[in-house]
Amino acid sequence: MSGDATTSVDDALASFREMMATDGYLLTWAPVDAGDKVVVKIAATEGACEDCLVPLPIMTNIMAKALGPTEYELDHVELPPGATH
C-alpha cells in the first residue's frame with residue numbers, strides 16, 4: 001500500500017466523515033487482510049442521532065461508490081452496536 005492510496009481513501013471518504021460527524025458519528029476505515037479491500041466503521045459518539053443513520057444496504061452502496069476512484073473496494077460497513085438498521 002502506498003501513501004497515495006491511503007490519502008485517496010481519506011479523500012474519498014472526507015465529505016462523508018464530516019457529514020457523519022454532524023450527526024454524532026465517527027467514520028473510520030481500515031484495510032482488510034486481502035490488501036485491496038477496506039472496511040468502513042461507523043461508531044456513535046455521545047448524543048448521536050439514531051434516526052440519522054441510513055439502513056446498512058444503503059450505507060454499503062454509498063460507501064462502495066465513494067471508494068470508486070480509489071485503488072480499493074469496500075469489503076463491508078460496520079454500523080454501531082444496536083443500530084436498528
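What you see is a predicted model; the values in this text were computed from it and never measured.

1. Some thoughts on the pattern of salt bridges
And step 1. The tally for this structure, following the rule as stated, stands at two salt bridges.
And step 2. Between Arg17 and Asp10 there is a salt bridge whose closest N-O contact spans 3.8 Å.
And step 3. Residue Glu73 pairs with Lys37 through a salt bridge whose shortest N-O separation is 3.7 Å. Linking Glu73 in strand β3 (residues 73-78) with Lys37 in strand β2 (residues 37-44), this pair joins segments that are 36 residues apart in sequence.
And step 4. The exposure class of Lys37 is partly exposed, given its relative accessible area of 26%.

2. Notes on the environment of Leu13
And step 1. Secondary-structure assignment places Leu13 in helix α1 (residues 3-22).
And step 2. C-alpha of Leu13 to C-alpha of Leu27: the two residues are 14 residues apart in sequence and 8.4 Å apart in space.
And step 3. Residue contacts for Leu13: discarding those within four places in its chain leaves Leu27, Trp29, Val40, Met63, Ala66 and Leu67.

3. Focus on the state of the cysteines
And step 1. All told, the structure shown has one disulfide when counted by the stated rule.
And step 2. Between Cys49 and Cys52 runs a disulfide, and the two sulfur atoms are separated by 2.0 Å. The S-S bond linking Cys49 to Cys52 shows a torsion near 75 degrees; that makes this disulfide right-handed.

4. Focus: the pairing of β3
And step 1. Of the pairings in the sheet, the one linking β2 to β3 comprises five bridges and is parallel in character. Looking across to β3, one finds that Lys37 is bridged to Glu73.
And step 2. Following the backbone out of β2, through helix α2 (residues 56-66) and into the adjacent parallel β3, one traces a crossover that is right-handed.

5. Looking at the packing of aromatic side chains
And step 1. By the definition in use, this model includes one aromatic pair.
And step 2. Taking the centre distance of 6.5 Å and the plane angle of 45 degrees together, the rings of Trp29 and Tyr72 count as tilted. Linking Trp29 in strand β1 (residues 25-31) with Tyr72 in the loop between α2 and β3, this pair joins segments that are 43 residues apart in sequence. Of the two residues examined, Trp29 and Tyr72, each falls in the buried class.

Conventions we followed
Residues numbered from 1 in each chain as written. Predicted model: local features only at pLDDT ≥ 70, side-chain atom pairs only at ≥ 80, totals over all residues. Heavy atoms only, no water. Salt bridge = Lys/Arg side-chain N within 4 Å of Asp/Glu carboxyl O. Helix = DSSP H or I, 4+ residues; strand = E, 2+ residues; numbered from the N terminus. Buried < 20%, exposed > 50% of the residue type's maximum accessible area, 1.4 Å probe, protein only. Contact = heavy atoms within 4.5 Å. Disulfide = S-S within 2.5 Å. Pairing = 2+ DSSP bridges. Right-handed = clockwise from strand over helix to strand, strands pointing away. Phe/Tyr/Trp six-rings, centres within 6.5 Å; stacked < 30°, edge-to-face > 60°.

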